[in-house]
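Residues per chain are reported as follows:
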Amino acid sequence: MWKRIYWFITCFFAVLLFCQNEYYCSFSGNPEGFAIQRMFLKFGISFLAVLVALIGFCSCRSRMNFFILAGLILSCIGDVVINANLVAGAMVFLMGHIFFIKGFIAFKAPPKQIFVIWTFLMVILISGIVLMKCFVVPDFDFVLVAAGIIYVIFMTAMVSFSFVAPRKLCIGGLIFGISDILLMCNMVFGTTPLSHIISLGTYYIGVFIIADYIFREKHSSSSD
């Protein structure tokens, strides 16, 4: 039974993702007409990932799973809020990253090497943001730049600490981090239908892989 529910949710998730991409391609010239549909489609896809994780958490409760589930819920909320206010949405995602970090640490305490990786990634990305502000887009809003730097600190922490987590969670965290970087690139260099699909696609794939780990931790051996 669990496998049937899981694959139904997975297929429904894929259909919604396809519909969202089709909507964006069709309505990209009319963003106002697309805004409401886009918001509901984005929420629907994020909610499906939360639902998958919630089913797994109800059967396999642990501190790690609790924090990961909380991170997915906040990511779902942020996916909606960001349509109304970019900075507010980013802050909700940031709180989600904090819960992901707590979940990874709950699985295993990070060694010193993880902090070296975190520092390296953080310095590289923050330097990139500062250089783009100085030389590429000097008129870019300072508030967005400051928010981007704060976000990068926690996003790189989430990616770095994922290395101590189980492999599937690590892969999900890495893909989530890649989607964040792609979104920042879209903000600076402009968004095309293709770049939008790639950015959102990697985000949804990342969160669904994370949710899938919590689900399968308990139900991978379940039979129909």
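Further up the page is the structure itself.
Please read these numbers as outputs of a predicted model, since none were measured by experiment. (Residues numbered from 1 in each chain as written. Predicted model: local features only at pLDDT ≥ 70, side-chain atom pairs only at ≥ 80, totals over all residues. Heavy atoms only, no water.)

Trainee: Before we move on, could you go through the overall build of the protein and cite the residues and values that matter?
Mentor: Counting its secondary structure elements, the protein contains 8 helices and 0 strands. Along the protein, from the amino end to the carboxyl end, the secondary structure elements read α-α-α-α-α-α-α-α. Classification of the 224 residues of the protein by burial places 45% in the buried group. If you take every contact in the protein between residues at least 6 apart in sequence, the share linking residues at least 24 apart comes to 78%. Total accessible area on the protein stands at roughly 11300 Å², and carbon and sulfur atoms take up 74% of it. (Helix = DSSP H or I, 4+ residues; strand = E, 2+ residues; numbered from the N terminus. Buried < 20%, exposed > 50% of the residue type's maximum accessible area, 1.4 Å probe, protein only. Contact = heavy atoms within 4.5 Å. Areas by Shrake-Rupley, 256 points an atom, 1.4 Å probe, with all protein chains shown as cover.)

Trainee: Provide a residue-level description of the environment of phenylalanine 140, including the pertinent values.
Mentor: Summarising the element assignment, phenylalanine 140 is placed in the loop between α5 (112-136) and α6 (142-161). Along the backbone, phenylalanine 140 and methionine 187 are 47 residues apart, and their C-alpha atoms lie at a distance of 9.8 Å. Excluding anything up to four places from it in sequence, phenylalanine 140 contacts Lys133, Val145 and Met187.

Trainee: Before we move on, can you summarise α6 with the specific residues and values?
Mentor: Between the first and last C-alpha of α6 there are 29 Å, a value that for 20 residues agrees with the 28 Å anticipated at 1.5 Å per step. Among all positions in α6, only Val145, Ala147, Gly148, Tyr151, Val152, Met155, Thr156, Ala157, Met158, Val159, Ser160 and Phe161 are buried. Buried residues in α6 make contact with α4 (86-107), α5 and α7 (167-189). (Expected span 1.5 Å × (residues − 1).)

Trainee: Which residues make up the side chain of serine 46, and what values go with them?
Mentor: If you trace the backbone, serine 46 turns up in helix α2 (residues 31-59). Excluding residues that lie within four positions of it along the chain, serine 46 makes contacts with Cys76, Asp79, Tyr203 and Tyr204.

Purely geometric numbers; function is a separate question.
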